[in-house]
Amino acid sequence: MALDPEQRGDPKRELAEALKELRLRVGLTGDRLARRCNISQSKISRIETGKVLPSVVDVERIVRALGAPADIVSELTALARMANTEWQGLRSLYRKGLHRKQNELADLEAGTSEFRYFLPSVVTGLLSTRPYMRATLRRAGSDIDRIVDMKIARQEILEDRTKSFTFLLTEQAVRWPLVPAVEMARQIDRLKMLSQWPNIRIGVLPLRGGIPVMALGTFTVYDRTLATVETTAGIVVLRDSRDVAAHLGLFGELEEWALFGAAAVQQLSEWAQDFE
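Asks: Please clarify how the packing of helix α1 (residues 11-26) against helix α5 (residues 70-83) should be interpreted in this entry.
Replies: Each pair of packed helices can be summarised by the angle the axes make with each other and by the distance between the axes. Packing of α1 against α5 leaves a shortest axis separation of 8 Å and a crossing angle of 150°. By the criterion of interaxial angle, the relationship of α1 to α5 is roughly antiparallel. Crossing of α1 over α5 shows left-handed handedness. On the side of α1, the interface is formed by Pro11, Lys12, Glu14, Leu15, Ala18, Leu19 and Leu22, while α5 contributes Ile72, Leu76, Leu79, Ala80, Met82 and Ala83. For the contact of α1 with α5, the residue count by class is 11 nonpolar, no polar and 2 charged.

What follows is the structure, given as C-alpha cells:
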C-alpha cells in the first residue's frame, strides 16, 4: 500500500480504498467482516465507498479483525487520523475569500444543537458588536463590510431557542483593548445582555486566585461530534471521537472555574467601568 504522506491526496478516499483492498486481499466478504468487528454490514459498505468517514476506533477494529500486520495497522490508523483532521490555513482562507468560511460556519451552526466556545484571547463573532467585529477583520481588505454583514446575519442563530450555547471567556479575552474604550464598554455590555438569554450561558474566568487547568488556544465543540481549534496560522478541524472527547473534557474542567449568572454580570460590569 502506497501511503506516503507526501503523496497523499484525499485521505478519506484513500482510506476507503485501502480498507476495501485489505478486505479483498484477506478474502472476507463485507458481511463476515461486519460480524468479526461488530460493525453493521451497511456501515462497512458505506466506509468502503467513502460515504461514511470512519473514526480511528472504527479503523482499528476493522484492521485488527482482518488480522493486518502491525505496520499496516499503524499506517491505516495514521491515515484515519489524517482523514479525521482538517487544516484550514488562514492564508488560503483569505485568498479564497472569507465569505466562503462564513457560509461554511453558517451551515455547521444550522446543523448543531449544542455549542461550547472557549475564548482565551478575543470575543467570538456571535457575541461581537459591529465595531469590535471590524477590528478583528483588519486583514480582510476590501471584503470587510461584506464579511461583517455575514457575521451579523449569523448572530440570528442565537435567537433559536432549540439551540444552547455556552461561552467561556478569560479576562484577557473580555478586556483586550481591540477597539477604543467607549466601544470596549459597549462590547462588554453586549456580553451582559446576552448572558440573560435563556439558551445562552456566558462564563468568565478572572485572572485572580488559582485555576489549576489551562488550554493552549481558542476551541469550539459542536454537539459531541466535531471540534475546531484556532491558531495564529489557521484552524484545525477535528472529527475523531477521541479528539472531540478530549476537548469536551477540557471544557468541562474550565467550566467549573468560571463565573456565571449574577456573578458573571457583576464581574463584567466592573470591567466595563474601567472603559467608561
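Asks: Can you help me understand the nonpolar core in this one?
Replies: Soluble globular proteins tend to bury their nonpolar side chains together. Membership of the largest hydrophobic core comes to 43 residues, with the highest contact counts inside it found for Tyr117, Leu127, Phe165, Phe167, Leu169, Leu191 and Ile202. With near-sequence residues (within four places) excluded, leucine 127 lies in contact with Leu119, Gln155, Phe167, Leu169, Gln187, Arg190, Leu191, Leu194 and Ile202. Core analysis: the second largest hydrophobic core is formed by 24 residues, Val63, Ala65, Leu66 and Leu79 among them.

Asks: In this structure, what is going on with the pairing of strand β4 (residues 200-205)? I would like to understand it.
Replies: Two faces make up the sheet, and in a regular strand the side chains alternate between them. Along β4, 5 of the 6 residues are buried, which leaves the element largely enclosed by surrounding structure. Where strand β3 (residues 164-170) and β4 come together, 6 bridges link them in parallel fashion. Bridge pairing in β4 links phenylalanine 165 to isoleucine 200.

Asks: Is there a simple way to explain the pattern of salt bridges in this structure?
Replies: Oppositely charged side chains are able to pair whenever their charged atoms sit close together. Applying the stated rule across the entire model yields 21 salt bridges. Of the charged contacts in the structure, one is a salt bridge between arginine 23 and glutamate 48, with a shortest N-O distance of 2.6 Å. Within this pair, whereas arginine 23 is found in helix α1, its partner glutamate 48 is found in helix α3 (residues 41-48), the two being separated by 25 residues in sequence. The exposure class of glutamate 48 is buried, given its relative accessible area of 14%. The structure contains a network of salt bridges with shared partners spanning Arg13, Glu14 and Glu17.

The rules behind the values
- Each chain has its residues counted from 1, following the order in which its sequence is written.
- In keeping with the model being predicted, local features are shown solely for residues with a pLDDT of at least 70 and side-chain atom pairs are shown and tallied solely at 80 or more, while totals for entire chains, interfaces and linings include all residues.
- As a convention, hydrogens and water are excluded, and side-chain values are obtained from all of the structure's heavy atoms.
- With axes taken as lines fitted to C-alpha atoms, and helix axes fitted only over the stretch in contact, angles between N-to-C directions fall between 0 and 180 degrees.
- Secondary structure elements are taken from DSSP: a helix is a run of H or I of four residues or more, a strand is a run of E of two residues or more, and numbering for both begins at the N terminus.
- Orientation labels follow simple angle bins: below 35 degrees gives roughly parallel, above 145 gives roughly antiparallel, 65 to 115 gives roughly perpendicular, and whatever is left gives oblique.
- Handedness of a crossing follows from how the near helix is turned relative to the far one, being left-handed for an anticlockwise turn of less than a right angle and right-handed for a clockwise one.
- We call two residues contacting when some pair of their heavy atoms lies within 4.5 Å.
- The residue classification treats Ala, Val, Leu, Ile, Met, Phe, Trp, Tyr, Cys and Pro as nonpolar and Asp, Glu, Lys and Arg as charged. All others, Gly included, are polar.
- Nine residue types can take part in a nonpolar core, namely buried Ala, Val, Leu, Ile, Met, Phe, Trp, Tyr and Cys, and a core is a set of them joined through side-chain atoms within 4.5 Å.
- Relative accessibility thresholds used throughout: buried, under 20% of the residue-type maximum; exposed, over 50%; partly exposed, between the two (1.4 Å probe, protein chains only).
- For two strands to count as paired, DSSP must find a minimum of two bridges between them.
- Salt bridge, as used here, is a side-chain nitrogen of Lys or Arg placed within 4 Å of a carboxyl oxygen of Asp or Glu.

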